[in-house]
Amino acid sequence: MSDPLHERDIAETALELVFQAAGPYLGSLPERKVHDRDADALLEELGGPLPEHGAGTLDSVERLVRVGTGAATHSSGPRFFHLVVGGSTPAALAADWTASLLDQTAGLWASSPFAARAETVALGWLKELFGLPASFGAVLTPSATFAHLTGLACARSWWAEQHGVDVSAQGLAGLPEMPVLSSGLVHVSTRKTLQMLGCGRDTLRTFARDDAGRIDLPAMEAALAALDGPAVIIGNLGEVNTGDSDPIAELADLAERYGAWLHVDGAFGLFAALSPRTAHLARGVERANSITADGHKWLNVPYESGFSFVRDASWMSRAFGAWGAAYLPDAGDGRVNYNMLGPESSRRARALPIWATLRAYGRDGHRAMVERHLDVAGHLGALVERAPDLELLAPVQLCVVCFRYRPPGVPEEELDDLNARLGEALLADGRVYAGTSLYRGMRVFRPAPLNWRTTPGDVELLVTVLRELGAALTGG
């Protein structure tokens, strides 16, 4: 009989299988390859036709754990430098297991006062951590893209109201194009959000003074002055190739001068506020109308975790609430229905890992982690500058180091192809993981050491492996 009811007494045994695998797996992360392509053959064990008669809980969990611990990309380890990804602190990992154990319906206070209260506390602590006013509205989302969606949906509602339209009720029909202005540091997730909101991803206008995308403030101000009506400004705090940032305080001045909405993308850059060494980059963020950040980056909590903060919390309920469904009760005084403040209706209790890691390590612990990562990134930058066959392409400002392989004697026109091939070789090798990107028209590496386990030795290995593979490609 395959009905799960008949296996209700073995749930603890199934969890024990995961627990028994967890210790050896976590202990192996500092030494094992980030990805071992020789283990990819295990992936075949996941396939086959849908079983007519189930194999049972224990057999299925055993296979999943065995295949996963062997063939997964071990991105929770210390040498995954690709895509600006953190890991899961011990407190966050255990709390994420707790979230699955309790399986709370976290969108409504009535369905889980526990989940709602944990989210309220976690969001309050995050505002304290980043130096944001307690009066800001806030909600947890599955990602920075969804956090963008939250903040920019509020901006769209605000903008439409300036034109006398309730966009939540009436839509965009008949409205002019919503002006959205940014520097060239803007991330693709902002364009994707504008696409999802019906505003058009290609309507965003960029104002850059150079091919790195750094902002041309006079040109942006001239564009704002020429507009007949309100606009939305995107400020970028932590660009993914170099960690570069817009001058947020100056953008806040522009927004106030021209009555614009300022939205700040601080997916990982908002964590600059934690260290005295980098806090100047985040100066003025508290004056923004909406702010995006990501937990599964520098906070080191599991995927999926984003934060959205909105200065005037009423825009959140106007953009996402008032569905008119009789079975969804009002929260009541002092209570929050978070599914009325963001794009999700059904939500898991993603606040639990955030609550746990903030309580476990506090402000000092998270500041220490950020400053250690700043040191590791600075160390990597110094290694690159000292290496005769590597070229640092931008100052190291946060946790991203932008460079390329440039051995003597290789013509400039061949470097992009060489670095692309080196990037493929690095991922195939698997000892460390760092992909390539494009910066100022050049194919580059942009490793981001922000996993809580990462040490200077891990980035030293990255340099060693890159130079070793590069020499093999060039015959050096």
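Throughout what follows, the structure given in this document is the object of discussion. Just so it is clear, the model here is predicted, and its values are computed rather than measured.

Topic: helix 4 (residues 113-130)
Inference 1: The end-to-end C-alpha distance of helix 4 is 26 Å, a good match for the 26 Å that 18 residues give at a rise of 1.5 Å each.
Inference 2: Along helix 4, the positions that sit buried rather than exposed are Ala115, Ala116, Ala118, Glu119, Val121, Ala122, Leu123, Leu126, Lys127, Leu129 and Phe130.
Inference 3: Gly131, located one to two residues past helix 4, shows a positive phi value of around 75 degrees.

Considering the sheet that holds strand 7 (residues 306-310)
Inference 1: Strand order in the open sheet made by the 7 strands is 1-7-6-5-4-2-3, with mixed pairing throughout. Edge positions in the open sheet fall to strand 1 (137-141) and strand 3 (205-206), since each of these has one partner strand only.
Inference 2: In this structure, strand 2 (residues 180-182) lies alongside strand 4 (residues 232-236), joined through 3 bridges in parallel fashion. Bridging across to strand 4, Ser182 finds its partner in Ile234.
Inference 3: Here helix 9 (residues 248-258) sits on the sheet and contacts strand 4 and strand 5 (261-265); the angle it forms with strand 4, its principal contact strand, is near 175 degrees.

Description of the environment of Leu26
Inference 1: For Leu26, the location among the structural elements is in helix 1 (residues 11-28).
Inference 2: C-alpha of Leu26 to C-alpha of His74: the two residues are 48 residues apart in sequence and 9.8 Å apart in space.

Section: the side chain of Asp265
Inference 1: By the secondary structure assignment, Asp265 is in strand 5.
Inference 2: Among buried charged residues, Asp265 stands out as having no salt bridge; its nearest opposite-charge side chain is Lys297, 8.0 Å away.
Inference 3: Side-chain polar atoms of Asp265 contact the side chain of His148, separated by 3.4 Å.
Inference 4: Residues within four places of Asp265 in sequence aside, it is in contact with His148, His187, Thr190, Gly235, Asn236, Leu237 and Thr292.

Some thoughts on empty space enclosed by the protein
Gaps between atoms show up when a probe of the same size as a water molecule is rolled over them.
Inference 1: Under the criterion given, the structure shown has 2 cavities of 30 Å³ or more.
Inference 2: In this structure, the largest cavity encloses a volume near 40 Å³.
Inference 3: Taken together, Asp96, Val301, Pro302, Tyr303, Glu304, Ser305, Arg348, Arg350 and Pro353 make up the full set of residues lining the largest cavity.
Inference 4: A breakdown of the residues in the lining of the largest cavity according to their chemical character gives 4 nonpolar, 1 polar and 4 charged.
Inference 5: Within this model, the second largest cavity holds a volume of roughly 30 Å³.
Inference 6: Here the lining of the second largest cavity is composed, by residue class, of 3 nonpolar, 2 polar and 3 charged.

What to know about the packing of helix 13 (residues 412-429) against helix 14 (residues 456-474)
Inference 1: At a minimum axis separation of 10 Å, helix 13 and helix 14 run at an interaxial angle of 120 degrees. If you check the angle between helix 13 and helix 14, you find them oblique. Crossing of helix 13 against helix 14: the hand is right-handed. On helix 14, the residues that touch Leu418, Arg421, Leu422, Ala425, Leu426 and Asp429 of helix 13 are Leu462, Val465, Leu466, Leu469, Gly470, Leu473 and Thr474.

Quick notes on the pairing of strand 5
Inference 1: Extensive coverage of strand 5 is indicated by the burial of 5 of its 5 residues.
Inference 2: Burial of the side chains of strand 5 extends over both faces: Trp261, His263 and Asp265 are buried on one face and Leu262 and Val264 on the other.
Inference 3: Across 5 bridges, strand 4 lies against strand 5 in parallel orientation. Each residue of the ladder has a partner; that of Ile233, found in strand 5, is Leu262.
Inference 4: At this point the chain moves from strand 4, through helix 9, to the parallel strand 5, and the crossover so formed is right-handed.
Inference 5: As defined by bridge partners, strand 5 adjoins strand 6 (residues 290-294) across 3 bridges and the pair is classed as parallel. Paired with Asp265 across the bridge in strand 6 is Thr292.

The rules behind these values
- Residues numbered from 1 in each chain as written.
- Predicted model: local features only at pLDDT ≥ 70, side-chain atom pairs only at ≥ 80, totals over all residues.
- Heavy atoms only, no water.
- Helix = DSSP H or I, 4+ residues; strand = E, 2+ residues; numbered from the N terminus.
- Expected span 1.5 Å × (residues − 1).
- Buried < 20%, exposed > 50% of the residue type's maximum accessible area, 1.4 Å probe, protein only.
- Pairing = 2+ DSSP bridges.
- Contact = heavy atoms within 4.5 Å.
- Axes fitted to C-alpha atoms, helices over the stretch in contact; angles between N-to-C directions.
- Lys, Arg positive; Asp, Glu negative; His and termini not counted.
- Salt bridge = Lys/Arg side-chain N within 4 Å of Asp/Glu carboxyl O.
- Polar contact = N/O pair within 3.5 Å; in protein donor to acceptor, adjacent residues only side chain to side chain.
- 1 Å grid on protein atoms, 1.4 Å probe; cavity = no way out; pocket = protein on both sides within 12 Å on 5 of 7 lines; lining within 4 Å.
- Points joined across faces, edges and corners; volume = space filled by probe spheres on them.
- Nonpolar A, V, L, I, M, F, W, Y, C, P; charged D, E, K, R; others polar.
- Parallel < 35°, antiparallel > 145°, perpendicular 65-115°, else oblique.
- Left-handed = near helix turned anticlockwise from the far one by under 90°.
- Right-handed = clockwise from strand over helix to strand, strands pointing away.

The values are spatial; any link to function lies outside them.
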